[in-house]
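The lines below spell out each chain.
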Amino acid sequence: MAVVELTQENFESTVADNGFVVVDFWAPWCGPCRTFAPVFEKVSEDHDDIVFAKVNTEDEQQIAAHFQIRSIPTLMIFRDQIIIFSQPGALPEGSFRELLTKAGELDMDQVRADIASQQEGDNA
């Protein structure tokens, strides 16, 4: 699957319409971003069930601000519209593949239950 460019117009619908979305926040001037880009592309080719997307933080400053992106590259993973991973830094290919496997194995019902109980605790 080709990597999708996310913009203000398609970000929300991409995350809402797909169960598993991996987003790479990057900028053209960022050396580590350019180093990670081929790894991101290569791994995306092996996962037809995952949407791989990129946000150019220079062009899409509102999205970057919304997610409080402070350093790039930042990798963010959404499962069922829930952010389950967000971390700055480029990953080596093996670590990236391992992260995707673990993200795919998460029990999202348990994640939702954990979020609900945490929110109840915050409201107590």
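One structure accompanies this document, and this report is about it. (Residues numbered from 1 in each chain as written. Predicted model: local features only at pLDDT ≥ 70, side-chain atom pairs only at ≥ 80, totals over all residues. Heavy atoms only, no water.)

## A word on the packing of helix H2 (residues 31-44) against helix H4 (residues 93-105)
Taken N-terminus to C-terminus, the directions of H2 and H4 make an angle of 45 degrees; their axes are 10 Å apart at the nearest point. The pairing of H2 with H4 is recorded here as oblique in orientation. Remark: the crossing between H2 and H4 carries right-handed chirality. Here Phe 36, Val 39, Phe 40, Lys 42 and Val 43 of H2 lie close against H4, whose contacting residues are Glu 93, Phe 96, Arg 97 and Leu 100. Residue classes in the contact of H2 with H4 are distributed as 6 nonpolar, no polar and 3 charged. (Axes fitted to C-alpha atoms, helices over the stretch in contact; angles between N-to-C directions. Helix = DSSP H or I, 4+ residues; strand = E, 2+ residues; numbered from the N terminus. Parallel < 35°, antiparallel > 145°, perpendicular 65-115°, else oblique. Left-handed = near helix turned anticlockwise from the far one by under 90°. Contact = heavy atoms within 4.5 Å. Nonpolar A, V, L, I, M, F, W, Y, C, P; charged D, E, K, R; others polar.)

## Some remarks on the packing of aromatic side chains
Two numbers describe a pair of aromatic rings. These are the distance of the centres and the angle of the planes. The tally for this structure, following the rule as stated, stands at 9 aromatic pairs. Among the aromatic residues, ring-to-ring pairing joins Phe 11, Phe 25, Phe 67 and Phe 78 into one connected group. (Phe/Tyr/Trp six-rings, centres within 6.5 Å; stacked < 30°, edge-to-face > 60°.)

## What about the pairing of strand S4 (residues 74-79)?
Burial analysis of S4 places 6 of its 6 residues in the buried class, the great majority of the element. Of the two faces of S4, the one carrying Thr 74, Met 76 and Phe 78 and the one carrying Leu 75, Ile 77 and Arg 79 are both buried. Across 6 bridges, the pairing between strand S2 (residues 20-26) and S4 is antiparallel. Its bridge partner lying in S4, Phe 25 is registered against Thr 74. Relative to strand S5 (residues 82-88), S4 runs antiparallel, the two sharing 6 bridges. Within S5, the position partnered with Ile 77 by the bridge is Phe 85. (Buried < 20%, exposed > 50% of the residue type's maximum accessible area, 1.4 Å probe, protein only. Pairing = 2+ DSSP bridges.)

These values are about where atoms sit, not about what they do.
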